[in-house]
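# Structure at a glance
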Amino acid sequence: MVDPDSNFWKFGRFADLNVDNSWVLVTESTKTASFNQLMYLIMNVAVGVTNGFFTDEVPANPPKPWNNQSPTAFLDFWNGVDSWLPTWQNGEDRISESAAMQVDYIKVWKMFNQEI
């Protein structure tokens with residue numbers, strides 16, 4: 001839980017990462033921003049994503065099978081199946097469920113009763 005005298009920007013020590021403060025307009029009454037409003041939690045493997053999250057410059061073996069500038073990144077990913085499919089086998093001789101993204105559970109608490 002966040003210290004009541006702090007906010008998530010300070011708690012996460014984001015200033016040390018040299019990133020923009022998305023909580024710059026947070027006031028004392030909204031120090032739990034951005035968690036003080038309705039939101040969605042999205043979890044995915046994000047293959048073929050071209051938003052720069054998986055940069056083209058990071059060395060990998062096998063290399064990422066798509067380029068962030070490609071208009072057909074999803075197809076490029078699929079066409080690279082021979083390079084990435086073995087990584088989904090997790091040491092077995094077939095595609096393994098143990099190599100899949102698995103979520104056991106997610107817990108979310110509401111800190112106090114407030115209309116959103």
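Preceding this paragraph is the structure being described.
Note that this is a predicted model, so its numbers are computed, not measured. (Residues numbered from 1 in each chain as written. Predicted model: local features only at pLDDT ≥ 70, side-chain atom pairs only at ≥ 80, totals over all residues. Heavy atoms only, no water.)

## Focus on the environment of Pro71
- For Pro71, the location among the structural elements is in the loop between helix H1 (8–11) and helix H2 (73–79).
- Accessibility expressed as a relative area gives 81% for Pro71, which makes it exposed.
- Separated by 21 residues in the primary sequence, Pro71 and Thr50 place their C-alpha atoms 8.9 Å from one another. (Helix = DSSP H or I, 4+ residues; strand = E, 2+ residues; numbered from the N terminus. Buried < 20%, exposed > 50% of the residue type's maximum accessible area, 1.4 Å probe, protein only.)

## Some remarks on the packing of aromatic side chains
- One pass over the full model with this rule turns up three aromatic pairs.
- Clustering of aromatic rings is evident, with ring pairs tying together Trp66, Phe77, Trp78 and Trp84. (Phe/Tyr/Trp six-rings, centres within 6.5 Å; stacked < 30°, edge-to-face > 60°.)

## Structural notes on the side chain of Ser70
- As for its placement among the helices and strands, Ser70 is situated in the loop between H1 and H2.
- Exposure remark for Ser70: the relative accessible area of 17% places this residue in the buried category.
- A distance of 3.1 Å separates the side chain of Ser70 from the backbone nitrogen of Thr72, its partner in a polar contact.
- Side-chain polar atoms of Ser70 contact the side chain of Asp76, separated by 2.6 Å.
- Not counting chain neighbours up to four residues away, the residues in contact with Ser70 comprise Thr50 and Asp76. (Polar contact = N/O pair within 3.5 Å; in protein donor to acceptor, adjacent residues only side chain to side chain. Contact = heavy atoms within 4.5 Å.)

## Focus: the pattern of salt bridges
- For the structure shown, the criterion picks out one salt bridge.
- We note a salt bridge from Lys64 to Asp56, for which the minimum N-O separation is 2.6 Å. (Salt bridge = Lys/Arg side-chain N within 4 Å of Asp/Glu carboxyl O.)

## Let's talk about the layout of surface pockets
- Roughly 360 Å³ of internal volume is contained in the second largest pocket.
- Lining of the second largest pocket is provided by 19 residues; of these, Phe54, Pro62, Lys64, Pro65 and Trp66 occupy positions nearest its centre.
- In terms of residue class, the lining of the second largest pocket is made up of 14 nonpolar, four polar and one charged. (1 Å grid on protein atoms, 1.4 Å probe; cavity = no way out; pocket = protein on both sides within 12 Å on 5 of 7 lines; lining within 4 Å. Points joined across faces, edges and corners; volume = space filled by probe spheres on them. Nonpolar A, V, L, I, M, F, W, Y, C, P; charged D, E, K, R; others polar.)

## Section: a nonpolar patch on the surface
- A cluster of nonpolar side chains, Leu41, Met43, Val45, Met101, Val103, Ile106 and Val108, forms an exposed patch at the surface whose accessible area comes to about 680 Å².
- For Val45, a relative accessible area of 48% gives the class partly exposed. (Patch = residues over 30% accessible without salt bridge, like charges linked within 9 Å, V, L, I, M, F, W, Y side chains within 5 Å. Areas by Shrake-Rupley, 256 points an atom, 1.4 Å probe, with all protein chains shown as cover.)

## A few points about unusual backbone geometry
- The omega angle of the peptide bond from Asn61 to Pro62 is 5 degrees, so this bond is cis rather than trans.
- With respect to the helices and strands, the residue Pro62 is situated in the loop between H1 and H2.

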